[in-house]
Amino acid sequence: MSSRRPPVIGIQGLRKVYAEGTPAEVVALRGVDLQVAAGEFLAIMGPSGSGKSTMMNLLGCLDTPTAGSYRCDGVDVATLDASGRAQLRLEKIGFVFQGFHLLTRQTALENVMLPLGYAGIPVADRRERALAALGEVGLSDRARHRPSELSGGQQQRVAIARALINRPPILLADEPTGALDSRTGEEILALFKGLRDDGHTVVLITHDRHVAEHADRIVVMHDGELHPDGWTPEEVAA
Amino acid sequence: MKPTDILWTALGALRGNWLRSVLTALGVIIGIAAVIVMVSVGQGTQAELDRVIQNLGSNRIDIGSNFSRRGGVRGGAGSVFSLRSDDVDRLRESIPEIEFISGVVQGNAQLINAEQNWQTRWQGVEDDFFRINDWRLAEGEWIDEAAHAGARTQAMIGQTVREQLFGDLDPVGATIRVGRVPFTVSGVLAPKGQSNWGQDQDDVVFVPLETARRRLLGQVNLPPGTVMQIVVGVGRADDMEYAEARITEVLREGRRTAPGADDDFTVRNLSQIVSTRTQTTRLMSLLLGAVATISLIVGGIGIMNIMLVSVTERIREIGLRMAVGAGPRAIQQQFLAEAMLISLGGGLIGIVLGIGGSIAMGHFTTLPVQLNLQVIGLATAFSVATGLFFGFYPARKAARLDPIEALRHQG
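The paragraphs below set out a description of the structure included in this document. Nothing here was measured: the structure is a model prediction, and the numbers come from that model.

Scanning chain A from N- to C-terminus turns up eight helices and 10 strands. In chain A, which comprises 238 residues, the share counted as buried stands at 45%. Partitioning the intrachain contacts of chain A with sequence separation of at least 6 by distance along the chain shows that 70% fall at a separation of at least 24.

Set out below in structure tokens:
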């Protein structure tokens with residue numbers, strides 16, 4: 001028995017099969033184990049088709065596994081229905097997407113406030129909290145701007161502020177630098193490191209080794225299986 | 001999400017596409033406006049019907065002389081008066097359902113009071129007449145029993161006659177001449193206003209039946225005891241049909257009319273005539289009702305159509321909302337709220353247009369119009385119901401989207 005905190009993400013024997021039992025059957029995950037500790041900055045790296053999108057969907061509670069178990073901050077995801085998973089996403093997970101996914105008609109502040117409405121936070125507190133979150137990502141002076149009036153890097157910062165607003169234990173970033181130039185990408189990654197230092201758990205999903213190397217730990221996905229970093233397909237073949 | 005959050009989110013989405021929202025609401029706008037005009041006209045008609053029946057005397061049956069056949073020459077209705085005061089007595093004695101009954105004779109005459117004169121209609125009536133027709137006394141007294149029995153020259157005048165002959169002066173006890181015969185004004189009747197046919201009911205002078213027959217009809221050569229019309233008031237509305245049938249029976253017996261032979265009198269139930277007349281208006285209401293129903297259905301389908309388009313257009317937004325923690329319920333509520341706001345907004349515009357339309361209709365047509373608050377409540381409820389009903393399917397479709405596919409959706 002250890003006195004360490006239980007892992008924020010605990011995955012065992014996770015399998016995902018699409019179109020099971022049909023000729024179009026695809027096995028996306030072949031029994032994956034993964035533990036992510038609180039406050040860790042982990043990168044899941046892999047080429048397209050390796051199953052990392054499936055991994056991301058499962059980690060984000062957007063999808064349910066075919067087999068295996070996933071405990072998200074102590075909650076067994078398999079027991080939840082669509083509403084339950086939505087509630088779990090609300091409380092435990094902040095998403096950062098490659099394409100930012102901001103609502104174009106709303107200001108940066110309104111975009112950041114969005115999850116607070118679903119969390120039932122009183123209107124009076126929402127503005128204050130959203131302004132604080134925008135401050136954390138260095139955009140206090142852009143609160144009234146719409147996404148079209150912001151640069152790509154600024155838009156991604158707004159998205160990160162939105163992901164952080166409910167103080168979720170897990171921050172899930174899917175190719176967060178994919179739509180940014182490399183210098184802006186570096187800034188975003190630096191921001192993630194800062195968040196890690198503040199105690200957030202960050203899971204970064206990318207195909208780019210340069211991006212992945214900013215993380216504390218790298219795991220590699222290949223053909224639906226997860227391997228520690230340093231592993232190459234050639235080694236297996238040998 | 002709190003209801004206010006849902007409403008604000010929905011309002012924001014609609015404002016972003018306000019022209020489309022207004023166009024979508026058009027069907028509901030027309031439907032609700034039609035409902036309001038329809039109900040206003042319907043209610044106005046009903047109110048007018050009630051008023052007319054009230055004015056006529058609610059349970060009134062009129063008996064008139066039928067045209068007669070003489071050697072193939074057919075006179076118009078009433079060209080020969082076949083009713084007598086004997087008939088009045090016989091009916092009163094034979095039919096207990098009759099509460100009031102009065103023979104009537106009438107004509108036109110010049111009324112004169114000092115320098116004022118006025119051409120009007122006079123009616124010779126019995127005391128019961130005033131009960132049947134619900135006349136009220138404004139000033140003075142009713143013509144008393146003795147005056148009726150003794151054929152005295154007393155008169156009751158209507159408000160119009162009073163204004164024309166007396167102006168501001170006190171008419172009670174004054175002497176007026178009807179044609180060449182002097183009468184004492186016994187009382188003034190409370191005004192009744194225009195009848196359903198646009199006739200001024202207050203432009204009239206009433207005198208005792210027998211007086212009229214002897215003094216005013218003198219120059220017309222009629223058999224003694226003739227009445228031109230018999231007016232009957234039935235005690236209970238339920239007895240109307242029975243009383244009508246009994247009146248025909250009793251009159252035929254009294255005349256020894258052979259079975260199958262034509263009557264020389266007509267029996268009419270006046271409230272039936274009025275309701276026949278209002279059937280045109282009812283038909284109009286029905287047509288408007290059909291327009292309203294169809295508009296609401298078409299409007300509702302329009303809302304459903306646009307909501308389905310909206311769900312497709314905003315798949316990525318829905319995906320994002322789901323990712324940040326919106327459950328199926330919250331998504332469904334949001335789209336339902338949008339559909340409801342469109343139709344409620346349309347309903348409110350429709351209410352304004354409907355009220356305007358009803359007022360215009362009352363102004364430019366002869367249709368009676370009556371607005372009421374219930375209609376507005378009803379219209380609001382209808383529009384909300386339309387939005388809920390037709391918004392349900394698109395909202396459910398949005399709520400059932402797979403968040404992964406919604407997030408990945410291109411376009």
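There is more to say after this.
What follows deals with helix α2 (residues 82–92) of chain A. Within the span of α2(A), buried status applies to A:Arg85, A:Ala86, A:Arg89, A:Leu90 and A:Lys92. Structurally, α2(A) contributes buried residues whose contacts are with β4 (67–72), β6 (93–96), α3 (108–119) and β7 (170–174) of chain A together with α10 (315–323) of chain B.

Hydrogen bonds between backbone groups are what pair the strands of a sheet, and the pairing can be parallel or antiparallel. Residue and element names in this part refer to chain A. Pairing is antiparallel in the open sheet, where four strands are placed in the order β2-β1-β4-β5. Both edges of this open sheet fall to β2 (26–36) and β5 (75–76), since each of them pairs with a single strand only. Bridge count for β4 against β5 is two bridges, and the pairing is antiparallel. Bridge pairing links Arg71 to Asp76 in β5.

Attention now moves to the environment of B:Ile230. Residue and element names in this part refer to chain B. Tracing the sequence through the fold places Ile230 in strand β13 (residues 229–234). A residue is classified by how many C-beta atoms lie within 10 Å of it, and Ile230, with 25 of them, is buried. Ile230 sits 142 residues away from Val88 along the chain, and the two C-alpha atoms are 7.0 Å apart.

Another aspect to go through is unusual backbone geometry. Residue and element names in this part refer to chain B. Here Ala151, not a glycine, exhibits a phi torsion of approximately 55°, which is positive. Relative to the helices and strands, Ala151 is located in the loop between α5 (145–149) and β8 (154–157). For Arg256, which is not glycine, the phi torsion reads 55° and is therefore positive. By the secondary structure assignment, Arg256 is in the loop between α8 (240–255) and β14 (265–269). C-beta crowding within 10 Å serves as the criterion here: with 7 such atoms nearby, Arg256 is assigned to the exposed category.

What counts, and at which threshold
Residues numbered from 1 in each chain as written. Chains lettered and ligands numbered in written order. Predicted model: local features only at pLDDT ≥ 70, side-chain atom pairs only at ≥ 80, totals over all residues. Helix = DSSP H or I, 4+ residues; strand = E, 2+ residues; numbered from the N terminus. Buried ≥ 20, exposed ≤ 12 C-beta atoms within 10 Å, placed from the backbone. Contact = placed C-beta atoms within 7 Å. Pairing = 2+ DSSP bridges.

Function cannot be read off these values alone, since they describe shape.
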